[in-house]
Amino acid sequence: MQQVLPVFKREFLGYFRSPVAYVFLIVFLIAAVGLAFFVGQIFEAGEASLERFFMFHPWLFLFLVPAAGMRLWSEEKRTGTVELLFTLPITTLEAVLGKYLAAWAFLCTAIALSFPMALTVAYLGDPDWGVILVSYLGSMLMAGAYLGVCSLTSALTKNQVISFVLSVTVCFVLLLLGWSVFSEVLEGLFPVAVADAIANFSFITHFDPFTKGIVDPSDVIFFLSLSAFALFLNVLALER
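In this text the structure is predicted, and so the values were computed from the model without any measurement.

The positions UniProt marks with the feature "transmembrane region" (unreviewed entry) are residues 20–43, 55–73, 101–123, 129–149, 161–182 and 220–238. A distance of 30 Å separates the end C-alpha atoms of residues 55–73, which is 84% helix and 0% strand. Across residues 161–182, helical content stands at 86% and strand content at 0%; the span's end C-alpha atoms are separated by 28 Å.

Okay, the packing of aromatic side chains next. Applying the stated criterion across every chain, the model contains 14 aromatic pairs. The ring of Y15 carries the charged tip of R71 above its face, separated from the ring centre by 5.9 Å. Stacked on the ring of W73, the Lys or Arg K99 has its end atom at 4.9 Å from the ring centre.

Not every positive phi belongs to a glycine, and Q41 is a case in point at roughly 50 degrees. Residue classification places Q41 among the partly exposed positions, given a relative accessible area of 41%.

Here we take up the nonpolar core. Membership of the largest hydrophobic core comes to 65 residues, with the highest contact counts inside it found for L50, F53, W73, F203 and F223. Top element by residues in this core is helix α9 (residues 129–155). It accounts for twelve residues. Other than its neighbours up to four places away in sequence, F53 contacts A32, V33, A36, I42, S114, M117 and Y136.

A few words now on the side chain of N234. With respect to the helices and strands, the residue N234 is situated in helix α14 (residues 217–239). Ignoring anything within four residues of it in the chain, the contact list for N234 reads W73, V96, S151, L152 and A155.

A separate point is the state of the cysteines. Inspection of the entire model under this criterion finds zero disulfides. Looking at C108, it has no disulfide partner, and the nearest cysteine sulfur is the one in C150, 14 Å off. Judged by relative accessible area, which is 17%, C108 ranks as buried. There is no disulfide at C150, and the cysteine sulfur nearest it, in C171, is 4.7 Å away.

Before going further, it helps to spend a moment on helix α2 (residues 19–39). With 21 residues, α2 should cover 30 Å at 1.5 Å per step; its first-to-last C-alpha distance of 29 Å lies within 8% of that length. Within the span of α2, buried status applies to A21, F24, L25, F28, A32 and A36. All buried residues of α2 lie within an arc of 100 degrees about the axis, which places them on one face of the element. In α2, those exposed residues whose orientation departs by more than 90 degrees from the buried face are P19, V20, I26, I30, F38 and V39. Tucked into the core, α2 has its buried residues touching α1 (4–15), α3 (51–54), α4 (57–69), α7 (92–112) and α8 (115–124). Two to three positions downstream of the cap, the backbone nitrogen of V20 sits 3.1 Å from a side-chain oxygen, assigning the N-cap of α2 to S18. At the exit of α2 stands Q41, carrying a positive phi of roughly 50 degrees.

In this fold, V185 is placed in helix α11 (residues 180–189). On the accessibility criterion, V185 (44% relative accessible area) is partly exposed.

Tallied over the full model, the rule gives five salt bridges. One salt bridge connects R78 with E75, and the closest N-O pair in it is separated by 2.8 Å. Pair noted here: R78 and E75 are both in helix α5 (residues 71–79), with a separation of three residues, about one helical turn. Judged by its relative accessible area of 53%, R78 falls in the exposed class. Residue E75 is classed as partly exposed on the basis of its relative accessible area of 21%.

Calculation criteria
- Per-chain numbering applies: the sequence of each chain, read as written, is numbered from 1 onward.
- Whole-chain, interface and lining totals are the exception, using all residues; otherwise, since this is a predicted model, local features are given only for residues with pLDDT of at least 70 and side-chain atom pairs are given and counted only at 80 or more.
- Each side-chain value is derived from all of the structure's non-hydrogen atoms; neither hydrogens nor water enter the calculation.
- UniProt positions are given in the numbering used here, feature names are shortened, and annotations may be inferred rather than shown by experiment.
- Helix and strand definitions here come from DSSP, where helices need a minimum of 4 consecutive H or I residues and strands a minimum of 2 consecutive E residues; each element is numbered from the N-terminal end.
- Within 6.5 Å between ring centres, the rings of Phe, Tyr and Trp (the latter by its six-membered ring) count as paired, and their orientation is classed by plane angle as stacked under 30 degrees, edge-to-face over 60, tilted in between.
- Throughout this description, the term charge over a ring refers to an Arg CZ or Lys NZ atom that lies within 6 Å of the ring centre and within 35 degrees of the ring normal.
- Exposure is judged per residue with a 1.4 Å probe applied to protein chains only, and the accessible area is read against the type maximum: over 50% gives exposed, under 20% gives buried, and values in between give partly exposed.
- For our purposes a nonpolar core is just a set of buried Ala, Val, Leu, Ile, Met, Phe, Trp, Tyr and Cys residues, chained together by side-chain atoms within 4.5 Å.
- Every residue pair with non-hydrogen atoms within 4.5 Å of one another is taken to be in contact.
- What counts as a disulfide here is a pair of cysteine sulfur atoms lying within 2.5 Å.
- Helix span is expected to be 1.5 Å times the residue number reduced by one.
- What the arc measures is the spread of directions leading from the helix axis to the C-beta atoms.
- For the purposes of these results, a polar contact is taken to be a pair of N or O atoms within 3.5 Å, where, inside protein, one atom must be able to donate a hydrogen and its partner to accept one; residues adjacent in sequence count only when each atom of the pair is a side-chain atom.
- Salt bridge, as used here, is a side-chain nitrogen of Lys or Arg placed within 4 Å of a carboxyl oxygen of Asp or Glu.

Here it is in structure tokens:
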């Protein structure tokens, strides 16, 4: 694992050498804040809470995380630099982990830069800082799980557009499983126990408790295990 850190540094700093990264950060922050204000009506709720800010993150990540992750491997494969990378004294696992952690750190930076929202709520009321911090933790873990899926789909193709479409499709299915409307449909088709079991594979099901300040180990394990499983398949896809 000695080569993970050099790959991480190269990839993470590489994000900030491109204007695309800054555009991504601006788009993410405008979209996240805009949804909270204009759709969630955070001020009209009269609550010193960021629940209406975080409730849109699963839907926001559906498009923005694939946009950030689609180039992870597809660009390397298109330009042929992936062969060059693996001529270096580095294992596939080290390369996958280094690139994944760099992209995750970039996404966490984007999420953390929304801190003025927390300061605004604190200025207007007396928020529960524990709930806010737990919500940020859940958002970052969920972003990591989204990214794991995107890294895998990126390793399956040389085309970034195809990688993006695949990522959005897979993540949308994982999102839809926990959406209340879809859950009611499932309960109409299957026994409640089966419908609940299917809903347990959803991002929303495991993210909602974080927005209420609840850190359930099963939710943390879900996001981490989904990320780890996707990265395991990512390694297999590159070695095939």
